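Here's the letter readout for the chains.
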Amino acid sequence: MTEQTPAPEPAAAPTPTGADQRRGLLRVGERVQLTDPRGRLHTITLAPGATFHTHKGYFRHEELIGAPEGTTVTSSGGVEYLALRPLLSDYTLSMPRGAAVVYPKDAGQIVAMADIYPGARVVEAGVGSGALTLSLLRAVGDGGRLHSIERREDFAAIARGNVETFFGGPHPAWRLSVGDLSDVLPLAEAPGEVDRVVLDMLAPWENLDAVAAALAPGGVLIAYVATATQLSRLAEDVRADGRYTEPQAWESMVRGWHLEGLAVRPQHRMIGHTGFLLTTRRLADGVLPPLRKRRPAKGSQPGEAALVDEVGDVVTSRSFQEVPDAEWTPEALGERAVSDKKVRKVRRDVGQAPEAD
């Protein structure tokens with residue numbers, strides 16, 4: 001009988017970026033979420049010699065450094081705190097920010113409904129503070145590719161600091177560029193080589209041509225917009241472009257529940273409207289989209305845009321040919337401007353202070 005050589009053991013798969021940050025004992029430099037007896041949350045960064053103070057006493061960080069997750073610590077005032085690493089959803093809501101963040105409920109919808117998968121080639125435009133970037137990097141994994149493009153250098157610096165803090169360093173799948181999407185995308189990505197495009201910007205319709213050139217046939221475009229006027233303008237322009245499928249749009253709302261004994265009921269507060277999501281897919285070159293038959297809205301006129309609800313009532317009806325581009329400003333859409341002073345402070349908080357500082 002011939003003796004067979006045993007098959008070699010398969011090589012151990014490399015640890016995904018950031019996985020070690022989520023395991024083991026609490027370490028210096030980690031962000032830790034503290035929960036007090038009333039359910040209030042406090043986020044601290046562990047540092048030698050540091051203390052956590054409230055009006056009900058304090059405790060030293062050394063009491064948590066080297067301790068396992070899920071441990072408790074008691075302040076000098078007798079208040080007990082539960083210490084855990086923040087989940088991704090917790091981190092994005094508590095991390096330093098310049099621009100407003102995409103809420104976890106919307107980030108989850110984007111990852112699922114745009115089908116962001118491990119190994120995908122994704123372009124993100126409008127990075128803000130990096131909240132959505134974290135979810136996209138988690139989804140594409142080390143073998144994927146995420147190219148994030150941000151117009152403002154200071155916002156890009158804040159996003160870089162938040163991403164590197166969460167993953168414990170640079171992520172191998174991430175590339176961050178500063179500039180306009182329409183300028184950067186044609187130079188950075190070959191035509192038809194991008195699987196997914198995620199837009200979080202004021203006027204996404206201005207970039208439909210650049211996105212269509214970059215997307216592979218069947219690729220997904222998903223856009224996040226804050227107002228119904230933006231949503232309607234985007235849907236109109238997607239249809240008029242001719243290279244995309246019929247757009248789909250929705251919003252999500254999250255309402256928590258109060259759980260205490262027999263008093264089980266919806267909470268009085270909820271996360272209501274944050275933004276609208278619109279998805280569409282890239283058609284193959286030379287293919288015309290099937291003609292979509294829709295019932296016209298009441299009162300709509302030829303050439304007039306109408307956003308219609310399920311019973312056919314007009315929500316907004318104004319020809320977008322009458323809206324000059326100058327009106328599509330953050331202030332006109334109700335966004336609050338971020339002061340330069342706050343942006344400088346946030347950059348210092350995430351370790352990305354300008355050289356002049």
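Worth saying up front: this structure is predicted, and the values here are computed from it rather than measured.

Draft legend 1. Structural view of the nonpolar core. Judged by nonpolar contacts, the single largest core of 33 residues is most densely connected at Ile110 and Leu134. Broken down by element, the residue count for this core peaks at 7 residues, all from helix α3 (residues 131–140). Residues contacting Ile110, with those up to four places away along its chain left out, are Val102, Asp115, Ile116, Leu132, Leu136, Val198, Ile222 and Leu277. Counting residues in hydrophobic clusters, the runner-up holds 27 residues, among them Val123, Leu221, Ala235 and Tyr244.

Draft legend 2. Layout of the side chain of Lys105. Its location among the elements puts Lys105 in helix α2 (residues 104–113). In this structure the side chain of Lys105 is engaged in a polar contact, spanning 2.4 Å, whose partner is the backbone oxygen of Ser252. Beyond its immediate chain neighbours, meaning those up to four positions away, Lys105 contacts Ser252, Met253, Val254, Ile271, Gly272 and Thr274.

Draft legend 3. Region of the structure containing helix α4 (residues 153–167). Counted at 1.5 Å a residue, the expected span for α4 with its 15 residues is 21 Å, and the 21 Å between its end C-alpha atoms agrees. Listing the buried residues of α4 in full gives Asp154, Phe155, Ala156, Ala157, Ile158, Ala159, Gly161, Asn162, Val163, Phe166 and Phe167. Looking at the buried side of α4, the elements it contacts are α1 (88–94), α3, β8 (145–150), β9 (174–178) and α8 (340–349). Gly168 occupies a position one or two residues after α4 and carries a positive phi of about 80°.

Draft legend 4. Highlighting the sheet that holds β8. One open sheet accounts for 7 strands, arranged β9-β8-β7-β10-β11-β15-β12; its pairing is mixed. Two strands close off the open sheet at either side, each with one partner strand: β9 and β12 (248–250). This sheet shows a mean twist of 15° between the axes of neighbouring strands, independent of strand direction. The pairing of β12 with strand β15 (residues 276–281) spans 3 bridges and is classified as antiparallel. Opposite Gln248, over in β15, you have Thr279 as the bridge partner. Strands β7 (121–125), β8, β9 and β10 (194–200) of the sheet are contacted by α3, whose axis makes an angle of about 165° with β8. Of the strands in this sheet, β11 (215–225), β12 and β15 are in contact with helix α7 (residues 228–241), which crosses β15 at around 5°.

Draft legend 5. Main features of α3. With 9 of its 10 residues buried, α3 lies for the most part within the structure. Turning to α3, its buried residues are Ala131, Leu132, Thr133, Leu134, Ser135, Leu136, Leu137, Ala139 and Val140. One or two steps after α3, the chain reaches Gly141, where phi turns positive at roughly 70°.

Draft legend 6. Region of the structure containing the sheet that holds strand β1 (residues 31–35). With respect to topology, 4 strands assemble into an open sheet ordered β2-β1-β6-β5, the strand pairing being antiparallel. Across the chains shown, the open sheet's two edge strands, defined by having one partner strand only, are β2 (41–45) and β5 (71–74). Between one strand and the next, the sheet's axes are offset by a mean angle of 35°, whatever the strand orientation. Where β1 lies against β2, 5 bridges are found, and the strand directions are antiparallel. Following the sheet pairing, Arg31 is matched in β2 by Thr45.

Draft legend 7. Spotlight on the pattern of salt bridges. Here the structure, examined in full by the defined rule, presents 17 salt bridges. We note a salt bridge from Arg145 to Glu189, for which the minimum N-O separation is 2.9 Å. Here Glu189 lies in the loop between α5 (181–188) and β10 and Arg145 lies in strand β8, a separation of 44 residues in the sequence. One salt-bridge network, in which partners are shared between bridges, spans Arg27, Glu30, Glu69 and Arg85.

Draft legend 8. Structural detail: the packing of aromatic side chains. Inspection of the entire model under this criterion finds 5 aromatic pairs. Arranged with centres 6.0 Å apart and planes meeting at 45°, the rings of Phe59 and Tyr81 form a pair that is tilted. Of the two residues, Phe59 sits in strand β4 (residues 57–60) while Tyr81 sits in strand β6 (residues 80–84), which places them 22 residues apart along the sequence. For Tyr81, a relative accessible area of 3% translates into the label buried. Ring plane angle 90° and centroid distance 5.2 Å describe the contact between Phe166 and Phe167, whose orientation is recorded as edge-to-face. Like Phe167, Phe166 is buried. Taking the ring centre of Phe155 as reference, the NZ or CZ of Arg152 above it sits at 4.0 Å.

Thresholds, definitions, all that
Residues numbered from 1 in each chain as written. Predicted model: local features only at pLDDT ≥ 70, side-chain atom pairs only at ≥ 80, totals over all residues. Heavy atoms only, no water. Core = buried A, V, L, I, M, F, W, Y, C linked by side-chain atoms within 4.5 Å. Buried < 20%, exposed > 50% of the residue type's maximum accessible area, 1.4 Å probe, protein only. Helix = DSSP H or I, 4+ residues; strand = E, 2+ residues; numbered from the N terminus. Contact = heavy atoms within 4.5 Å. Polar contact = N/O pair within 3.5 Å; in protein donor to acceptor, adjacent residues only side chain to side chain. Expected span 1.5 Å × (residues − 1). Pairing = 2+ DSSP bridges. Axes fitted to C-alpha atoms, helices over the stretch in contact; angles between N-to-C directions. Salt bridge = Lys/Arg side-chain N within 4 Å of Asp/Glu carboxyl O. Phe/Tyr/Trp six-rings, centres within 6.5 Å; stacked < 30°, edge-to-face > 60°. Lys NZ or Arg CZ within 6 Å of the ring centre and 35° of its normal.

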